[in-house]
Amino acid sequence: MLSGKTVVLDLDRSTGIYRDEVNLKTTVMSFLNALLCCGSGEDNLEFRVHLRYEFLMLGFQPVFVKLREQSNPALDRHLDFFELMRRDDERQLSSRFGVPHIDTSSASAMLDVLRRKLAHSASYPHLLSLMHHCLLIPVEGDYLAHRWKLVDHVVQQVVLQQRGPVDLDLEPLKINVEDIVHHLFREEEMEKLRAEAEELKKTRDEIQSKFAKKERECEVRTQEKEDVKKALNKIMTKLEKEQKELREYKIHEKELNASVTELRAKLDREMQDRVRLESLLEKTSVSLPDDAKAAAGIDAARLSLQLSGVELASQPVVPPPPPPGSAAPPPPPPPAPGGFMPPGPPPPPGAPGFGSSTQKKIPKASNPMKSYNWAKLSEVQTKATLWKELDDAPMFKVLDLPEFERTFSAYQKKEGSTEDLSQLKAKPKELSVIDGRRAQNCTILLSKLKMSNEELKLVVLSMDDDEEITADMVEQLLKYVPLPDEIQLLSSHKDEIDKMARADRFLCEMSKIEHYGQRIAVLFYKKRFEERVSECRPKVEAIFRASREVGRSTRLRRLLEVVLAFGNYMNRGARSNAFGFKISSLNKIVDTKSSTDRRVTLLHYLIETVERKFPEVLQLERDLPNVRNAAKVNMTELETELMALKQGLDQVKKELDYHSKQTTRELGDRFVDIVSDFESLASVQLAELDETLVDARIQFNKSVSLFGEEPTKTQPDEFFGIFSTFLQSFEDARQENEVMRKKREEEARRAREIAEVYCGSC
């Protein structure tokens, strides 16, 4: 019995993973069919019927119906085989009693079949005696069910233990009814205790699982705190460095100011000497030559300009801060041509004195109708338009409004149904006021989530602290945030929420959560944050490391020297006498072919040269391990992604500030607690990533400038792509050289063998 319960439970158990669940249930059904058609059940009808009935008593029939809903071909084949055997066994059993069918669910039908079969046989008195003694079993008191259970077990054993005729007068059954009843009662108690033990074990496992999860969360939080401490220490170190530089700048500024003061004093003395000298010349009436006067004037002007230039360059331009309260308001916008000020914004719809002042007489539908998503015009907006010439009032008398109401009623009716709305009122109806395609897609999403509205609401309020839904599902939920028009329509039917369709109920319930759309957006940002930062960080590090590698590589410098020498030696005229070359020229080496062998390029010859003269250059790629990764990074896209992360975090801070100011919170709302911790950690991580990106940009600009390129016009994927392509070409040409070398050696060996054979014959 216990194993039968286990089989039924395994068939009814849901693991949440479709493939594993279907495989388990298919295996169990295969085992059950094998048990019925093999071994004891192969040629024993009584055993098969007994065992199948035992499973049905354990609740197999509803489980069987649920298994049909899996829609799995392999599982359906086993279910069909079970049903086929069942019908075949029922036909065999019915044929024994000469009837087409036996209703095993009806006691009177089964008793009538037995009565007709045994009516004129020696077994009939025993049937009557069995029925008579069944009537004598107490119908009240303790252990009532166990007495009937005992009768059931005894009859089962009579059916299953068919060992031939037994003389019950000579071999009476030694059965102590009280002992057996007590035993069965204790067995039932043991079953209850066993079930309670299973529940306690399950509860213990759940508690242990939650405890382990909390331990992991604590470890993650501890690691996050350590990361925050490291980041803060790094920021403090940088801040101290900047403060030190600031102090040095201030000292330098003081020195420059002192120099300016000294130069001004010197200028004043020079001007005084000049005035004194001019006055002396006037007194003595000494006339100097014109060229001497001009030279003196030029020297004086040059001195004056030099002093002024030093003064201007040395003195820092720091505008004084405006005094408190003296900031002037921004100037008003200039008037439009003709002296008229631009008109202000139009008043909102529904403001006093605006909008429609005439109430139109529109018939009211007897049932809620689907909405027509139009952009309506008020009476004021239709002035001087064709709408003033149109009147829809006569149309209501011409149109077939009842048919129109049946066709576009908000109450959904199955396609092809001929029932009218009056008949539908007496039956359960589904109310849907949102767009049909949107509702269908929303329903599909909810079926994938396999969560009730209340469960989803708790997930949103707790910011999915237990990680119950994935980032992809949150992204899908973003598409089904209730729109303002939908909220207005749903609120008008809030008293009919029980009649709403699945998607409408979901949108109605979610619209009650304060700032639901913003919460979902923050949750999606939170779930994707680590992934996005993890994608950006390796790219930033690749740029930084690759920039440092190309600048420090001695092998690369040696290779460039060899290429520069070859180029200057090969070129003539204006293209010769080069002191360097554009780094993109590296990949043009393969375009220069040998004049003796068209298969050999300048790159092949370059590799042969470095093999002989500078063999360490062959290990060039060891100096540039990060170049290939850096060649895949576009700095503009990386900066755009980092900017998007910052803007997203700003929105998170804005939403966190809003919820922090709320005086009341809904039960289970953990937005402030969860998001505040996340915001602190995310701010530190973004600051650290931004700082690393700045360092990478500085290092990249230095490396680009080092090779004579323009940093503002060069992207990492272009710059490092040149080196990546060259490294690949370098390795390919090296392998081709090796192939050609082996080919030449093979040809030389054959030539020697031919020569030896020729010499031997001579």
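Parameters at a glance
- Residues numbered from 1 in each chain as written.
- Predicted model: local features only at pLDDT ≥ 70, side-chain atom pairs only at ≥ 80, totals over all residues.
- Heavy atoms only, no water.
- Helix = DSSP H or I, 4+ residues; strand = E, 2+ residues; numbered from the N terminus.
- Buried < 20%, exposed > 50% of the residue type's maximum accessible area, 1.4 Å probe, protein only.
- Contact = heavy atoms within 4.5 Å.
- Areas by Shrake-Rupley, 256 points an atom, 1.4 Å probe, with all protein chains shown as cover.
- Axes fitted to C-alpha atoms, helices over the stretch in contact; angles between N-to-C directions.
- Parallel < 35°, antiparallel > 145°, perpendicular 65-115°, else oblique.
- Left-handed = near helix turned anticlockwise from the far one by under 90°.
- Nonpolar A, V, L, I, M, F, W, Y, C, P; charged D, E, K, R; others polar.
- Arc of directions from axis to C-beta.
- Phe/Tyr/Trp six-rings, centres within 6.5 Å; stacked < 30°, edge-to-face > 60°.
- pLDDT = per-residue confidence, 0-100.
- Patch = residues over 30% accessible without salt bridge, like charges linked within 9 Å, V, L, I, M, F, W, Y side chains within 5 Å.
- Salt bridge = Lys/Arg side-chain N within 4 Å of Asp/Glu carboxyl O.
- Lys, Arg positive; Asp, Glu negative; His and termini not counted.
- Charge placed at Lys NZ, Arg CZ, Asp CG, Glu CD.
- Core = buried A, V, L, I, M, F, W, Y, C linked by side-chain atoms within 4.5 Å.
- Disulfide = S-S within 2.5 Å.

On a plain count of helices and strands, the protein chain comes out with 26 helices and 2 strands. The buried share of the protein chain, reckoned over its 762 residues, is 27%. Across the protein chain, every contact between residues at least 6 apart in sequence was considered, and the portion connecting residues at least 24 apart equals 72%. Just so you have it, the protein chain exposes about 53,000 Å², and 57% of that area is on carbon and sulfur atoms.

Before going further, it helps to spend a moment on the packing of helix H19 (residues 516-552) against helix H25 (residues 671-706). Contact geometry of H19 with H25 gives a least axis separation of 9 Å together with a crossing angle of 25°. Between H19 and H25, the angle falls in the class roughly parallel. The interaxial crossing formed by H19 with H25 has left-handed handedness. For the contact of H19 with H25, the residue count by class is 20 nonpolar, 6 polar and 6 charged.

Buried within helix H16 (residues 471-478) we find Ala471, Val474 and Leu477. What you see down the axis of H16 is that its buried residues fit within an arc of 110°, all on one side.

Direction vectors running N to C along H19 and helix H24 (residues 635-660) enclose 150°, while the axes themselves pass 10 Å from each other. Taken together, the axis directions place H19 and H24 in an arrangement best described as roughly antiparallel. The handedness of the crossing between H19 and H24 is left-handed. Across the interface between the two elements, Gln518, Arg519, Val522, Tyr525, Phe529, Arg532, Val533, Cys536, Lys539, Val540 and Ile543 of H19 pack against Met635, Leu638, Glu641, Ala644, Leu645, Gly648, Leu649, Val652, Glu655 and His659 of H24. Counted by class, the contact of H19 with H24 contains 13 nonpolar, 3 polar and 5 charged residues.

In this structure the tally under the stated criterion is 11 aromatic pairs. Summarising the aromatic geometry, the rings of Phe707 and Phe723 are spaced 5.6 Å apart at their centres and angled 65° between planes, so their arrangement reads as edge-to-face. Taken together, the residues span a long stretch of sequence, with Phe707 in the loop between H25 and helix H26 (716-761) and Phe723 in helix H26 at a distance of 16 residues. When its relative accessible area of 14% is taken as the criterion, Phe707 is described as buried. Following the ring pairs from residue to residue traces out a cluster consisting of Phe700, Phe707, Phe719, Phe720 and Phe723.

A positive phi is found at Lys450, a non-glycine position, where the angle reads about 55°. Within the secondary structure, Lys450 is located in the loop between helix H14 (436-449) and helix H15 (453-461). You can call Lys450 exposed: its relative accessible area is 68%. Backbone geometry places Glu467, a non-glycine residue, at a positive phi of 55°.

Now for the confidence of the model for the protein chain. For the protein chain, the average pLDDT comes to 78, and 78% of its residues sit at 70 or higher. Of all secondary-structure elements in the protein chain, the lowest mean pLDDT belongs to helix H10 (residues 290-314), at 45, while helix H23 (residues 627-630) reaches the highest, 94.

In this section: the side chain of His493. Note that His493 resides in the loop between helix H17 (484-491) and helix H18 (502-511). With residues up to four places along the chain from it excluded, the contact list for His493 reads Pro368, Leu431, Val433 and Met500.

Looking now at a nonpolar patch on the surface. Together, Leu111, Leu130 and Met131 line one region of the surface with nonpolar side chains, adding up to about 230 Å² of accessible area. The residue Leu130 is located in helix H7 (residues 124-136) in this model. Relative accessible area serves as the criterion here: at 41%, Leu130 is assigned to the partly exposed category.

Pairing of side chains with opposite charge becomes possible as their charged atoms draw close. Using the criterion set out here, one finds 35 salt bridges in the structure. The residue Asp464 makes a salt bridge to Lys527 at a minimum N-O spacing of 2.7 Å. Taken as a pair, Asp464 in the loop between H15 and H16 and Lys527 in helix H19 lie far apart in primary sequence, 63 residues in all. Exposure remark for Asp464: the relative accessible area of 2% places this residue in the buried category. Counted as one network, the salt bridges with shared partners bring together Glu746, Arg749, Arg750 and Glu753.

On the surface, a cluster of negative charge is contributed by Glu454, Glu455, Asp466 and Glu468. Mapping Asp466 onto the fold places it in the loop between H15 and H16.

Formed by 91 residues in total, the largest nonpolar core has its most connected members in Phe506, Tyr516, Val550, Phe719, Phe720 and Phe723. In terms of residue count, H19 provides more of this core than any other element does, 14 residues in total. Apart from the residues within four sequence positions on either side, Tyr516 is in contact with Val460, Leu477, Val481, Pro482, Phe506 and Met510. By size, the runner-up hydrophobic cluster in this structure holds 16 residues, among which are Val28, Leu32, Leu36 and Leu67.

Per the counting criterion, the structure on display carries 0 disulfides. Cys37 carries a free sulfur, and the closest cysteine sulfur to it, the one in Cys38, is 3.7 Å from it.

Moving on to the environment of Phe719. Structurally, Phe719 is set in helix H26. Relative accessible area serves as the criterion here: at 1%, Phe719 is assigned to the buried category. Taking the C-alpha atoms as reference, Phe719 lies 9.6 Å from Val627; in sequence the two are 92 residues apart. If near-sequence neighbours (up to four positions away) are discounted, Phe719 is found in contact with Val550, Ile583, Phe700, Ser703, Val704, Phe707 and Thr714.

This part takes up the side chain of Ser94. Of note, Ser94 is situated in helix H5 (residues 73-96). For Ser94, the residues in contact, after removing those within four places along its chain, are Val99, Pro100, His101 and Ile102.

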